[in-house]
Every structure is written in structure tokens, then in C-alpha cells.
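Residue-level structural notes
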Amino acid sequence: MRRLRWQGQLFCAAAILLCMLSTLLPRWDGRTELLLAVALMSIFGVPHGALDPLFAARLHRMSPARWALFGLAYAALAASVVALWWAVPGVFLIGFLVISSLHFSGDLRHGTSALARLFYGLSVVVLPALLHEAEVAQLFAWLADAESATQLAHLLHWASWPCLLGLLVSALLAARVDRQTSIEMLAVMAVFVVATPLLGFTLYFCLMHSARHTLRSQHYAQVSAGALVKAALLPLAGTAALLAVAWTVAQTLAPEMTLDQRVIQVFFVALAALTVPHMALVERVRWSGWSLDVSP
């Protein structure tokens, strides 16, 4: 679709701008950066997952009973992720990074090699540790114990070098088939190496992953932009309500927790919880190349 190419060009331009600003300007204080990142991801990133009912409606013959079952299954999967974080946060963190890498690998155009997709997906979770290992470790420590967070960040730091080389070679090879795909890969590489982990991920999540998924969802569901917004309203309202409950519970159970830690835990645990049922629903379509003819 032509709109996907425009969206990719917008992301690449924004990535260049962010890299320039990150190099030339002093960075904000950590809390301001965190709150800005979470606000932008909540407004421009999270809503793409609210389009999941469109996939359910197209993939299955939905009845009121099936819609109820769909909602219960979706909630049960999300709750199981939260329970995993509560019980074994270190395992949760590793699992979240692995499934995120797999999910993000679907951004690239259909027909891109599996190896290029592998390095692209890995780059999102690995490359931030190349120059910002200590900051990545701090973010991880708010989701798991400090020792596990430090070890994982150090592992990602060393893995970032072969990942960087693999992504660079993949981008050069991809240029022979589709120059824009190659440029998109290089833009992702640059933004995760140069920008801070939170701002780099925010730009990527909002202007690449979520924007691309939304455009593909509209094409797949064959609906207007207005219908797209209408379909997302109820899931978004439910998500907002659940986040409010999670925030209240976190304040009650751990009043000594800092604001930064509470924001990271509530937002990213919720993001992981929603990602699992989201992937269970849409990966089938993604692997088909976003074909309109996926048999139920």
C-alpha cells in the first residue's frame, strides 16, 4: 500500500530528527522523559491493540456467545501474564523481551527474509543496551530484581554488537530488493543506538509499529477510518479502566514505591499483558502476509 510507504518515510524522517536532537541537545531529566514517553505511547501506541475485535470478527463467525468467550479468553491470557510477573518477575521480563522481538519482526514488508526479520526484531530489545547499558538495567530493575536486571542488561550489551552487524548486513542486502525497507531498518538501528532507550522506543512504537499495524488493520478489515475509531473506543475504555485499577492497587500494596517505578510497572506490565492475547490473535494474519483470505 502506498500509505505504508508514506508512513515508513515519516518514521525515517522522525528517526533522523530524534538522532540529531539527541546528539545536539542536553537530555531532559529522567522523570520528564518517562512521563512524556508513557503519555505518547498511551495516546499513539496502545490504541492499535484495541483493533483486535476487527480481527476476531473477520477470522471467526462471531455470535454473542462467541464474543463473550473471546472477551473471557483475552482477559484470562492477560491475567496470566500479570500473574507470571507477580510470581517470577525475572522470567516475565525475559519472556516479554522474547515475544516483543518476535512480534516487532512483523513490521517489515512481506517477503523480507527471515534472517532480516530476526535481526530487526532483536534490535528493538537489544540495541538500546549498546550505549545505554546502565539505563537499561535501571528500567529492568523496576520490573524485576536488581541482580537479574543488571545481568540481563549486560548480556544484551554484548549481544548488541553482533545484532548491530547482522542488522547492518541485512539492510544492505535488502536494498537490492526494496530500498525503503533497507532505509527503515537503518533508521531503527540508528534510533535505538543514538537516542535514549525510552525515547527511542517511544518513537519506534508510535510511528513505526503501531502506525503500520493500524494501516494494515484497516486494509485487512476493509473498513473506513471512522469505523476503525469506533471499533477501538470500547476496548480503549476498558483498558483505561483496568489501568486505573492497577494504579490504585499498586499504590495500596506498595505505597513506598517511587513514581517512576510505579509508572514503569503499571504501564509495561499492562503492555506485556495485552501483547500476549494480541499476538495470539493477529500473528496468524501477519504470517499470511496480511492476506484478506485467511480461512477461519
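In what follows, the accompanying structure is described. Source: prediction; values computed, not measured.

Contact geometry of helix α11 (residues 197–221) with helix α13 (residues 259–287) gives a least axis separation of 14 Å together with a crossing angle of 35°. As for the relative orientation of α11 and α13, their crossing is left-handed in sense. On α13, the residues touching Leu-198, Phe-201, Phe-205, His-213 and Tyr-220 of α11 are Phe-268, Leu-271, His-278, Val-282 and Val-285. For the contact of α11 with α13, the per-class residue count stands at eight nonpolar, two polar and no charged.

For helix α5 (residues 89–104), spanning 16 residues, the distance from its first C-alpha to its last is 22 Å, which sits close to the expected 22 Å at 1.5 Å a residue. Those residues of α5 that fall on the buried side of the exposure criterion are Phe-92, Leu-93, Phe-96, Leu-97, Ser-100, Ser-101, His-103 and Phe-104. For α5, the angular spread of buried residues about the axis comes to 165°, placing them on one side. Elements in contact with the buried residues of α5: α4 (64–87), α6 (114–126), α8 (133–141), α9 (146–174), α11 and α13.

Most often, soluble globular proteins keep nonpolar side chains buried together rather than apart. The biggest cluster of nonpolar side chains holds 67 residues, and the ones touching the most others in it are Phe-11, Phe-140, Phe-201, Tyr-204 and Phe-268. Among residues more than four places away in sequence, those in contact with Phe-201 are Met-41, Phe-104, Val-124, Phe-192 and Phe-268. Leu-59, Tyr-74, Val-282 and Val-285 belong to the second largest nonpolar core, which has nine residues in total.

A word on the packing of aromatic side chains. Taken as a whole and assessed by the stated rule, the structure comprises 13 aromatic pairs. Three or more aromatic residues joined by ring pairs make a cluster, and in this case those are Phe-104, Tyr-120, Phe-192, Phe-201, Tyr-204, Phe-205, Phe-267 and Phe-268. Above the plane of the ring of Trp-247 lies Arg-262, whose end atom (NZ or CZ) is 5.5 Å from the centre.

Now for the environment of Phe-55. Position of Phe-55 among the secondary structure elements: in helix α3 (residues 52–59). In this structure Phe-55 comes out as buried when scored by relative accessible area, which is 1%. Between the C-alpha atom of Phe-55 and that of Ala-221, which follows or precedes it by 166 residues, the distance is 7.1 Å.

A separate point is the pattern of salt bridges. Within the structure shown, the criterion is met by six salt bridges. Its salt-bridge partner being Glu-33, residue Arg-27 comes within 3.0 Å of it at the nearest N-O pair. A salt bridge links Arg-109 to Asp-178; the nearest nitrogen and oxygen atoms lie 3.0 Å apart. Here the residue Arg-109 occupies a position in the loop between α5 and α6, and Asp-178 occupies one in the loop between α9 and α10 (179–194), the gap between them amounting to 69 residues. Relative accessible area serves as the criterion here: at 10%, Asp-178 is assigned to the buried category.

Cut-offs and rules
Position numbers for residues start from 1 in each chain and track the written sequence from start to end. Only residues with pLDDT of 70 or above have their local features reported here, since the model is predicted, and side-chain atom pairs are shown and tallied only from 80 upward, although totals for entire chains, interfaces and linings are computed over all residues. With hydrogens and water excluded, all non-hydrogen atoms of the structure serve as input to the side-chain values. Between N-to-C directions, angles span 0 to 180 degrees; the directions come from axes that are lines fitted to C-alpha atoms, helices contributing only their stretch in contact. Only DSSP runs of H or I covering at least 4 residues are called helices, and only runs of E covering at least 2 are called strands; the numbering of each starts at the N terminus. Left-handed describes a crossing whose near helix is turned anticlockwise from the far helix by less than a right angle; the clockwise case is right-handed. It only takes one pair of heavy atoms within 4.5 Å for two residues to be counted as in contact. Gly falls in the polar group here, along with every residue not listed as nonpolar (Ala, Val, Leu, Ile, Met, Phe, Trp, Tyr, Cys, Pro) or charged (Asp, Glu, Lys, Arg). Each helix should span, by expectation, one fewer than its residue count multiplied by 1.5 Å. Buried means the residue's accessible area, taken with a 1.4 Å probe over protein chains only, is under 20% of the maximum for its type, while exposed means over 50%, and partly exposed covers the values in between. Within this analysis, the arc is defined by the directions that extend from the helix axis to the C-beta atoms. Side-chain atoms within 4.5 Å are what join buried Ala, Val, Leu, Ile, Met, Phe, Trp, Tyr and Cys residues into a set we call a nonpolar core. Side-chain rings of Phe, Tyr and Trp (the six-membered ring for Trp) are treated as a pair once their centres are within 6.5 Å; stacked means planes under 30 degrees apart, edge-to-face means over 60, and tilted covers the remaining angles. Each ring is checked for a lysine NZ or an arginine CZ that lies within 6 Å of its centre and within 35 degrees of its normal; such an atom marks a charge sitting over the ring. Within this document, salt bridges are pairs made up of a side-chain nitrogen of Lys or Arg and a carboxyl oxygen of Asp or Glu, the two lying within 4 Å of each other.

Nothing here speaks to function; it is all geometry.
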